[in-house]
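Reading the structure
Chain by chain, the residues run as shown.
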Protein chains: 2
Amino acid sequence: MNTRIYNVRILTMEAGKSIFRGEVWVKGDTIAYVGPSVLDAKEKWDREIDGQGNLLMPGFKNAHTHSAMTFLRSHADDMKLDEWLNNRVFPAEAKLCEEDIYWLNKLAIMEYLTSGITSVFDMYLSKPATLRTVEDTGYRMVICESINDFGGTVREVEDDYKRYNQDPDRLISYQLGFHAEYTTGRPLMEELAGLSEKYGIPVYVHCSETKKEVEDCRRRTGMTPVGYMDSLGLFRQGGGIFHGVHMDDADFDILKQRNLYVVTNPASNLKLASGIAPVKRYLDMGIPVAIGTDGPASNNCLDMFREMFLTTGLQKAICDDPEAVPAMEVLKMAVVNGAHAMGLPECDILAEGRKADMILIDLQQPNMQPLQNIEKNLVYSGSKQNVKMTMVAGKVLYQDGEYNLGSSKEEIFARANESARRILG
Amino acid sequence: MNTRIYNVRILTMEAGKSIFRGEVWVKGDTIAYVGPSVLDAKEKWDREIDGQGNLLMPGFKNAHTHSAMTFLRSHADDMKLDEWLNNRVFPAEAKLCEEDIYWLNKLAIMEYLTSGITSVFDMYLSKPATLRTVEDTGYRMVICESINDFGGTVREVEDDYKRYNQDPDRLISYQLGFHAEYTTGRPLMEELAGLSEKYGIPVYVHCSETKKEVEDCRRRTGMTPVGYMDSLGLFRQGGGIFHGVHMDDADFDILKQRNLYVVTNPASNLKLASGIAPVKRYLDMGIPVAIGTDGPASNNCLDMFREMFLTTGLQKAICDDPEAVPAMEVLKMAVVNGAHAMGLPECDILAEGRKADMILIDLQQPNMQPLQNIEKNLVYSGSKQNVKMTMVAGKVLYQDGEYNLGSSKEEIFARANESARRILG
């Protein structure tokens, strides 16, 4: 399907390029033109969308989430982390089946679409369910492997790495990872380091989310989680860490030296009282930061606008510096860095040849007026209400409150509620 | 006009009362019935609204804002407070005329409505413009006096106190206040204390927002702002402070003893790097807390959902306690405490005889599913997108994205942009 979107302001997210007025052409799942209006275009279009002067930009990338945890939303809030994880989350997850995960994924995708998120880096329990979700919805998901001592073998991981990286359209892809240092013994981590080395592929992992995690690791190994995992060779091919809240000086140096990404999850870190990540210091050191919502059990919403405001607002407060982490830097994290961290360089900016993962932002809402600085409006006052249209791989999956996901909103809600009721009682 | 809203879940916000299914009747600007469905009702209705199982609750109260600062949204972000205030805000405000403020107020009201905010405690420059706004829109605003050494006399304040408290419908009302200790000399504060005593009325003021403000006051007076203003007799009739970020032990005791409200503005305090207010300690001591957005120049959005998440999330993080400030407590602050802090006890809950300031929350959105705990969903995952309808004084001012404010959305946007362009260049 070929689509022309015209009469739009365009924010390509190319470094240094300002917003301009023009149009964008999409052929199949790929952007074919981004530029000023073409008055004598002779192309034939399957569809033409009048953007009415609104803003077209690349979609947000949710660089760390556990989508199907939607069933746990508001089930266990205002609780201590240990109690939350051991008494609520793990027993409930034990009852999940593949069919649950499929529908709970779809519920999460609905919410991602309302927030302009066009792809997610998803770490959860059933890869077949995730593949089915992607096939049926047309949404883009990158699986992050989450093997640990309680499930999975490196042989299976190697197979999955090949199996889930075969999609030529890259709607589904796969990155090597594991759950965390505290759930994974040294033998398994060494095997994973070997696999990373064998294929020259990066490794992703939950790391230094809580103070207790860091203290426990120090007691056991004499090193921080970053230091210990690096000493096992896990970061030789790059990769990234999720959370990165509690860091010492040497940790920063390792992240920098290994070209690792940090994915910050500010709302989840607040709600679970984990702390506030040192994002400004990461940026000052040139360590790239991307942004994730984390799962809906801990956040509890899947909203990049909330995460963007927190990413800058919290740094300003803890660094006592209102100039910390300016708005354009936050947008870059939420869009470009996210794509790169997830291994989706073809989804980073609006340009010819890039994937057509784009969103249309409604500027005719009071929170976007007056139109003085649209980038700042997005970060400081933007909300889900501003997302008029979300397109993934050239297909409009959400527009003006309506979803195009292969099943109705009512069915997805009903299935998700059934799963929640059956599992949680 | 008489309205029946049926087929709704109802959250009255009465202490200890759970959500139930039923209907609400409105006669004129007042609630006439709240309870289970009445099958054989013989009333005649001008209008019946099918709530489709969604949630009806009292509107949010924005207990501290400067509405017409909408013209400064995204004009001066990522800047130090002094530079922001002296080089950007004050010179721009000097060029504002009454007509500007009227239209900029309307722009703010549009955004309040999208966030389910049914009344605001507004501290700004032109009371006649605010009165005109209220008369033309039907929105509910409480003027907070903002006299200081740079403008106003106590004689005028006394006149305004009488003039703006005459409206029998209480769409507009007025509370005694002044800008801040650092902009107001001792003679004026003593006169205001006298006025407060004369009429037995509370006093509201910006207080202890920044560390510098507290340090400067200590240097000048040997006391904190709270201590100094209390020593001048300003809090003998109660009232409240806006911000209350930097407090010492004695300050807490004074707030408690004088029955003062604290209005917290967490997003603004983050963005201007002012700090994080000790909300948990206020609650532990029984000091009532309400929530404000502060003005759009510092926030930059007017969204109670963002403030609610921050009010609890920040406390969990800084107190290292995920149980801090549970969701129902936050809702109480945003609804009931706000009404009481602003002198609107008739707007606090849904009950017969209370004003019909209500909102309908769309539960058929992915961020509200599954429907396990609606109160927690509101606080932790709610967003503007969930506001289906906002009613003030029995009049629907916003429904399904459409406004009913006496002038079109296009006209309000155009006027606000004109003001911004003329003033800011």
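As shown above, the structure is provided for reference.
Residues numbered from 1 in each chain as written. Chains lettered and ligands numbered in written order. Predicted model: local features only at pLDDT ≥ 70, side-chain atom pairs only at ≥ 80, totals over all residues. Heavy atoms only, no water.

Residue and element names in this part refer to chain B. Along the chain, L378 falls in helix α13 (residues 374-381). In this structure L378 comes out as buried when scored by relative accessible area, which is 0%. Sequence separation of L378 and V330 is 48 residues, and the distance between their C-alpha atoms is 9.9 Å. Here L378 is in contact with L11, L55, M57, F305, M308, L331, I361 and M368, once residues within four sequence places are set aside. (Helix = DSSP H or I, 4+ residues; strand = E, 2+ residues; numbered from the N terminus. Buried < 20%, exposed > 50% of the residue type's maximum accessible area, 1.4 Å probe, protein only. Contact = heavy atoms within 4.5 Å.)

With that settled, consider helix α5 (residues 186-199) of chain B. Residue and element names in this part refer to chain B. For α5, which comprises 14 residues, the first-to-last C-alpha distance of 20 Å matches the rise-based estimate of 20 Å (1.5 Å per residue) to within 8%. All of the buried residues along α5 are L188, M189, L192, A193, L195 and S196. Buried residues along α5 cover an arc of 160° about the axis, so they all sit on one side. The outward face of α5, more than 90 degrees from its buried face, is lined by the exposed residues P187 and K198. The inward-facing, buried residues of α5 contact α4 (154-163), β10 (177-180), β11 (203-207) and α7 (225-231). The first or second residue beyond α5 is G200, which carries a positive phi of 65°. (Expected span 1.5 Å × (residues − 1). Arc of directions from axis to C-beta.)

Throughout the structure, instances matching the rule amount to 28 aromatic pairs over all chains. Here the aromatic rings of B:Y161 and B:Y199 are separated by 5.1 Å at their centres, their planes lie at 55°, and the arrangement is tilted. A residue pair is termed long-range when its members are at least 10 positions apart, and B:Y161 in helix α4 and B:Y199 in helix α5 qualify at 38 residues. For B:Y199, a relative accessible area of 27% translates into the label partly exposed. Grouped by ring-pair contacts, the aromatic residues A:Y161, A:Y164, A:Y174 and A:Y199 constitute a single cluster. In this structure, B:R306 packs its charged tip against the face of A:F309, placed 3.4 Å from the ring centre. (Phe/Tyr/Trp six-rings, centres within 6.5 Å; stacked < 30°, edge-to-face > 60°. Lys NZ or Arg CZ within 6 Å of the ring centre and 35° of its normal.)

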